[in-house]
Amino acid sequence: MAANPAVAIDGPAGAGKSTLARLLAEKLGFVYVNTGAMYRAVALLWKERGGDPVEIARNLEFDMKGDRILVEGRDVTDKLYTPEISELSSKISTDPRVREALVALQRSMRERYPVVMEGRDIGTVVLPDAEVKFFVTASALERARRRKAQFSDPRPLEEIREEIERRDRRDSSRRASPLRRAPDALVVDTTGMGIEETLEVLLRFVKDRLKAYNRKNQKRR
Ligand code: DC
């Protein structure tokens, strides 16, 4: 029986999940868990040290302080969001043994804290019993525009869009935990929507659901 409430946010790259998840966690007083950053951290250590990505995943010391990502106590945030690490992390995330190790780490976080957890398979695989599930998406062109602005990516927009579509295809078609919407997830299309506006929609929905969760738990006591 899960002790802590959880909000699961899934969706493709660049749909606005990270910003929304972080702000939502702040508003709710929950811990924000960025699972994509874990796959990226494994990719970075693998690039730096070589060896077996499965072993790296099993021994990963991962922490977050606000929007900074710490690996073995080292702030690696600026190294994680390069095109090279995007590709590498997408590749290693197809290995079921890497996934198994990181899923265990993700579940242990929910055992310790109320969480807003963001990724590709949170509502379907990691926390299928999450109290609230969102599937956040946006058109590929809009997502490419946001990535370009967010990371000051100098490449032409078209090239970024193609890369996003390639990653979408890989993330959705891989055998181990493909990106797909949980049947009970609320779909939020953020194309043309601002962050504040979207956050309001999510927050209203979460608060309603958590009221029901709190009522149920009070009855149990
Ligand atoms: O969300 P992101 O772009 O930082 O994720 C990096 C890669 O990790 C992405 O290619 C998909 C993969 N990923 C995954 O397979 N499962 C998750 N729960 C989160 C990310």
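Check the entry above for the structure.
This write-up is about the structure you can find in this document. (Residues numbered from 1 in each chain as written. Predicted model: local features only at pLDDT ≥ 70, side-chain atom pairs only at ≥ 80, totals over all residues. Heavy atoms only, no water.)

## Brief notes about the pattern of salt bridges
Oppositely charged side chains are able to pair whenever their charged atoms sit close together. In the structure shown here, the tally under the stated rule is 21 salt bridges. The salt bridge involving Glu84 is made with Lys47; its shortest N-O contact spans 3.5 Å. Of this pair, Glu84 sits in helix α5 (residues 83-92) while Lys47 is found in helix α2 (residues 35-49), placing the two residues 37 residues apart along the sequence. Ionic contacts of the salt-bridge type, sharing partners, join the residues Arg68, Asp75 and Asp78 into one network. (Salt bridge = Lys/Arg side-chain N within 4 Å of Asp/Glu carboxyl O. Helix = DSSP H or I, 4+ residues; strand = E, 2+ residues; numbered from the N terminus.)

## Things to note about the sheet that holds strand β1 (residues 6-10)
Taken together, the five strands give an open sheet; going across it, the order is β2-β6-β1-β7-β8, and neighbouring strands pair in parallel fashion. Looking at strand neighbours, the two that pair on one side only are β2 (31-34) and β8 (186-189), the edges of this open sheet. Across the sheet, the mean angle from the axis of one strand to that of its neighbour is 20°, orientation sign disregarded. Bridge count between β2 and strand β6 (residues 115-119): four bridges; the pairing is parallel. In the sheet register, Val31 faces β6, and the bridge partner there is Val115. (Pairing = 2+ DSSP bridges. Axes fitted to C-alpha atoms, helices over the stretch in contact; angles between N-to-C directions.)

## Section: the sheet that holds strand β4 (residues 68-71)
Here we have three strands laid out as an open sheet, ordered β3-β4-β5, and antiparallel in their pairing. Each edge of the sheet is formed by a strand with only one pairing partner; in this case those strands are β3 (62-65) and β5 (74-75). Relative to β4, β3 runs antiparallel, the two sharing four bridges. Of the residues in β4, the one forming a bridge with Met64 is Ile69.

## Quick look at helix α8 (residues 140-151)
Because an α-helix packs 3.6 residues into every turn, residues spaced three or four apart end up facing the same way. Here α8 contains twelve residues, and its C-alpha end-to-end distance of 16 Å stays within 8% of the 16 Å for a straight helix at 1.5 Å per residue. Within α8, the full set of buried residues consists of Ala140, Glu142, Arg143, Ala144 and Arg147. A positive backbone phi angle near 45° is found at Ser152, which sits one or two residues after α8. (Expected span 1.5 Å × (residues − 1). Buried < 20%, exposed > 50% of the residue type's maximum accessible area, 1.4 Å probe, protein only.)

## Description of the site of the ligand
In the region of the ligand, 14 residues are neighbours, and Arg40, Arg99, Arg120, Asp121 and Arg174 sit closest. At 2.7 Å from an oxygen atom of the ligand is found a side-chain nitrogen or oxygen belonging to Arg40. Here an oxygen atom of the ligand sits 3.2 Å away from a polar atom, N or O, in the side chain of Arg167. Every element with two or more residues in the shell around the ligand is listed here: α2, α5 and α9 (157-173). In terms of residue count, α2 provides more of the shell around the ligand than any other element does, four residues in total. Tallied by class, residues from the shell around the ligand come to one nonpolar, six polar and seven charged. (Near = heavy atom within 4 Å. Polar contact = N/O pair within 3.5 Å; in protein donor to acceptor, adjacent residues only side chain to side chain. Nonpolar A, V, L, I, M, F, W, Y, C, P; charged D, E, K, R; others polar.)

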